[in-house]
Amino acid sequence: DKLGITPHVYRVGTYKAAVEPFTRSDMSPEARENAQALANALLESWRESVLKARPNAKVDAYMRDMPGAAQAAGGDMAKAALNAGLVDKIADRQAFEQRLAQLGGEDENALGGYKRIKLPAYIRDAQEDRKYGPIGVVTVAGMIVDGKASAGTAGGDSIAELIEKGLSDNNLKALVVRVDSPGGSVLASERIRQAILEAKRQKLPVVVSMGNVAASGGYWVSTPADFIYAEPSTITGSIGVFGILPSFEGTREKLGLGADGVKTTPMSGEPDVLNGPSPEAEQLLQTGVESIYRRFLGIVSQSRHKSPADIDKIAQGRVWDGGTARQLGLVDGFGGMEEAIAKAAELAKLGDERGVTYLDRPTTFKEQLIEMLAEQEKDEGSTPAEGFAFFGNSQLKLAQALADVRSVLTGPSIQVRCLECPTVTPARVEKKDAGFLSALAGWLF
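Computed from a predicted structure; not experimentally measured.

Novice: Would you explain the overall build of the protein chain in this entry?
Specialist: When you go through the protein chain residue by residue, the secondary structure sums to 18 helices and 12 strands. The burial tally for the protein chain puts 37% of its 445 residues in the buried class. Partitioning the intrachain contacts of the protein chain with sequence separation of at least 6 by distance along the chain shows that 70% fall at a separation of at least 24. Summed over all atoms, the accessible surface of the protein chain reaches about 26,000 Å², with 55% contributed by carbon and sulfur.

Novice: Which parts of the structure should I look at to understand the nonpolar core?
Specialist: Soluble globular proteins tend to pack their nonpolar side chains together in the buried interior. Of all hydrophobic cores here, the largest spans 47 residues; its most connected members are Ile163, Leu175, Val177, Met210, Ile239 and Leu330. Sort the elements by how many residues they give to this core and helix H11 (residues 279–304) lands first, with 6 residues. Core analysis: the second largest hydrophobic core is formed by 12 residues, Val137, Ala174, Ile341 and Ala344 among them.

Novice: Just to check I follow, could you spell out the pattern of salt bridges for this structure?
Specialist: It is possible for side chains of opposite charge to pair when their charged atoms get near one another. Going through the model one piece at a time under the given rule, you end up with 17 salt bridges. Close ionic contact of Asp169 with Lys165 constitutes a salt bridge, the shortest N to O distance being 2.6 Å. On the criterion of helical spacing, the pair formed by Asp169 and Lys165 is a turn pair, its members being 4 residues apart in helix H7 (residues 156–169). Taking the relative accessible area as the measure of exposure, Asp169 reaches 49% and is therefore partly exposed. Between Lys343 and Glu346 there is a salt bridge; the shortest N-O distance is 3.6 Å. Highlighted residues: Lys343 and Glu346, both in helix H14 (residues 337–347), separated by 3 residues, approximately one helical turn. Here Lys343 falls in the buried class, since its relative accessible area comes to 16%.

Novice: I'm lost on the environment of Gly288 in this one. Help?
Specialist: Take Gly288: it is sitting in helix H11. Sequence spacing of Gly288 and Val241 is 47 residues, and the spatial spacing of their C-alpha atoms is 9.9 Å.

Novice: Help me understand H14 in this model?
Specialist: Helical periodicity: at 3.6 residues per turn, an α-helix aligns residues three or four positions apart in one direction. Of the residues making up H14, those classed as buried are Ala340, Ile341, Lys343, Ala344 and Ala345. Tucked inside the fold, the buried residues of H14 contact strand E2 (135–141), strand E5 (174–181), strand E6 (206–215), strand E7 (227–230) and strand E12 (356–358).

Novice: Sorry, what's going on with the confidence of the model for the protein chain here?
Specialist: Low pLDDT marks regions whose predicted coordinates should not be analysed in detail. Counting all residues, the mean pLDDT for the protein chain is 86, and 80% of those residues have values of 70 or more. Here helix H16 (residues 384–388) stands out as the least confident element of the protein chain, with mean pLDDT 39; E7 is the most confident, with 98. Considering only residues more than four positions removed or in separate chains, one finds that residues 380–391, a stretch of pLDDT under 50, has 24 contacts.

Novice: Help me understand the environment of Ile299, please; the structure alone is not making it clear to me.
Specialist: Structurally, the position occupied by Ile299 is in helix H11. Relative accessible area serves as the criterion here: at 6%, Ile299 is assigned to the buried category. Remark: the alpha-carbon pair of Ile299 and Trp220, spanning 79 residues in sequence, is separated by 7.8 Å. Aside from chain neighbours lying at most four places away, what touches Ile299 is Glu190, Arg193, Trp220 and Thr223.

Novice: Is there a simple way to explain the side chain of Glu249 in this structure?
Specialist: Tracing the backbone through its elements, the reader meets Glu249 in helix H10 (residues 249–255). Within the buried core, Glu249 has no salt-bridge partner, and the shortest N-O distance to an opposite charge, that of Arg252, equals 6.5 Å. Within polar-contact distance, the side chain of Glu249 engages the side chain of Ser247 at 2.7 Å. Look past the residues within four positions of Glu249 in its chain and what remains in contact with it is Gly4, Thr6, His8, Val273, Leu274, Asn275 and Gly276.

Novice: For this particular structure, what's the right way to read the pairing of E2?
Specialist: Moving residue by residue along a regular strand, the side chains alternate between the two faces of the sheet. Taking burial as the measure, the 7 residues of E2 include 5 buried ones, the bulk of the element. Where E2 lies against E5, 7 bridges are found, and the strand directions are parallel. Across the sheet, Gly136 pairs through a bridge with Leu175, a residue of E5. Here E2 pairs with E12 via 3 bridges, running parallel. Bridging from a neighbouring strand, Gly136 pairs with Thr357 of E12.

Novice: I would appreciate a short explanation of the packing of aromatic side chains in the present structure.
Specialist: The way to describe two aromatic rings as a pair is by their centre distance and the angle between their planes. Using the criterion set out here, one finds 2 aromatic pairs in the structure. Taken together, a centroid distance of 4.7 Å and an interplanar angle of 50° make the contact between Trp220 and Phe296 tilted. Of this pair, Trp220 sits in helix H9 (residues 217–220) while Phe296 is found in helix H11, placing the two residues 76 residues apart along the sequence. Across the pair, Phe296 and Trp220 agree in class, each one buried.

Novice: Even after reading the chapter, I still don't get the packing of H7 against helix H8 (residues 186–201), so can you show me in this structure?
Specialist: Geometrically, a packed helix pair is captured by the angle between its two axes and the distance between the axes. Relative orientation of the contacting elements H7 and H8 amounts to 10°, with a least axis distance of 8 Å. On the basis of their axis angle, the class for H7 and H8 is roughly parallel. Here Gly156, Asp157, Ile159, Ala160, Glu161, Ile163, Glu164 and Leu167 of H7 come into contact with H8, specifically with Ala188, Arg191, Ile192, Ala195, Ile196, Glu198 and Ala199. When its residues are assigned to classes, the contact of H7 with H8 shows 9 nonpolar, 1 polar and 5 charged.

Novice: I tried to follow the side chain of Asp272 on my own but got confused; where do I start?
Specialist: Examined against the element boundaries, Asp272 turns out to sit in the loop between H10 and H11. For the buried Asp272, no salt bridge is present, and the opposite-charge side chain at shortest range is Lys263, 6.0 Å distant. Other than its neighbours up to four places away in sequence, Asp272 contacts Ser247 and Pro277.

Novice: Help me out: how do you make sense of a nonpolar patch on the surface in this one?
Specialist: Together, Leu3, Ile5, Phe248, Val273 and Leu274 make up a nonpolar patch on the protein surface, roughly 400 Å² of accessible area in all. If you trace the backbone, Leu3 turns up in the segment before strand E1 (6–12).

Novice: What's the story with H7 in this structure? I'm lost.
Specialist: Along its 14 residues, H7 runs 20 Å from first to last C-alpha, staying within 8% of the 20 Å computed at 1.5 Å per residue. Of the positions making up H7, those classed as buried are Gly156, Ser158, Ile159, Ala160, Leu162, Ile163, Gly166 and Leu167. Those residues of H7 that are buried are in contact with E2, strand E3 (144–145), strand E4 (154–155), E5 and H8.

What counts, and where the lines are drawn
Residues numbered from 1 in each chain as written. Predicted model: local features only at pLDDT ≥ 70, side-chain atom pairs only at ≥ 80, totals over all residues. Heavy atoms only, no water. Helix = DSSP H or I, 4+ residues; strand = E, 2+ residues; numbered from the N terminus. Buried < 20%, exposed > 50% of the residue type's maximum accessible area, 1.4 Å probe, protein only. Contact = heavy atoms within 4.5 Å. Areas by Shrake-Rupley, 256 points an atom, 1.4 Å probe, with all protein chains shown as cover. Core = buried A, V, L, I, M, F, W, Y, C linked by side-chain atoms within 4.5 Å. Salt bridge = Lys/Arg side-chain N within 4 Å of Asp/Glu carboxyl O. pLDDT = per-residue confidence, 0-100. Lys, Arg positive; Asp, Glu negative; His and termini not counted. Polar contact = N/O pair within 3.5 Å; in protein donor to acceptor, adjacent residues only side chain to side chain. Pairing = 2+ DSSP bridges. Phe/Tyr/Trp six-rings, centres within 6.5 Å; stacked < 30°, edge-to-face > 60°. Axes fitted to C-alpha atoms, helices over the stretch in contact; angles between N-to-C directions. Parallel < 35°, antiparallel > 145°, perpendicular 65-115°, else oblique. Nonpolar A, V, L, I, M, F, W, Y, C, P; charged D, E, K, R; others polar. Patch = residues over 30% accessible without salt bridge, like charges linked within 9 Å, V, L, I, M, F, W, Y side chains within 5 Å. Expected span 1.5 Å × (residues − 1).

Right, dumping it as structure tokens:
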């Protein structure tokens, strides 16, 4: 309002509330109803999980009167949690580390005195044992966007090409799709869905494993599955469509600017973001959104073997917890990746075979180098003395070069640099370089 920007919202779905921050300053009654129902369901799922793991925990009493529980414990929240059975022992970090040493073995040379293994090393070892197998695994994680994208964002072309390459290069018998996405681009979601359908056309069973969230576009890409697993707390559904177009006629007026022109057809120059879209453009955009919603209903109804009218009743942009989604028929069972892989093996008649082929894009040199630097930063055993004790002038130049490389790699994607000019501000050689430089210098020199 202060900037004079007008949001033009086009949506289908009474509960499709993602657009509301642009149109109102509070929740709509429908959004509040949906959010409250979802929050209640997630709380109940959490409560059941806690009581299953800790049957004697006084969860309900603790939730009803946390101030009373704290007061009874003399204001000590840790003691209140202990009294409620939520924790087993109150101790400091040293006692915790001693317990880890008892459970996993002692290591006098390691910080804390207990044996540990770094997560990247564990992952590499675990994946090596299951690197190739008849079950392909692909991940759709993050916002779904058009084109290609790096890990953490689900690029439609990136993921589709991984699936297509996996189908052509590997002798796959089944496909597992891990979805952890709130949705995004319709075009990109459809691109991924078509790639999954290609697996179906090649007679591969498809199983979807939903993570924390698989909603909207995340559910769109899940529809080809022969079986969908979710967790009771998975957020899914949100079968609805919206679009937002900002226009700046108010901003223009505040700045005292004019905008004018001529047209040859009602749609010439539309949507006009300087004067606001015409009624014809508004109608066209809303019609497009409604058409996509009907297509969404059709895709889901075909996948879930229900009529579009039945899906429409549970759609309208409403989000559901995994437990309710299972009752409504949007998911088929509870479970995670292990259950999904087992189900894929069952559908493909693979017997006890559980070998998987991860359909991941290869790591780029830039990513490998950044990961290497990050691992050195986490290496608690390295010190500057250890890393640089034997370095001479040439090794120090190497250290300077490495610091310059980090400066390049962690900067913007497009940069303007003079490679022949001396560094105006010398790149700082950091402690985290020590271990890497020691190993590299030993190899080079």
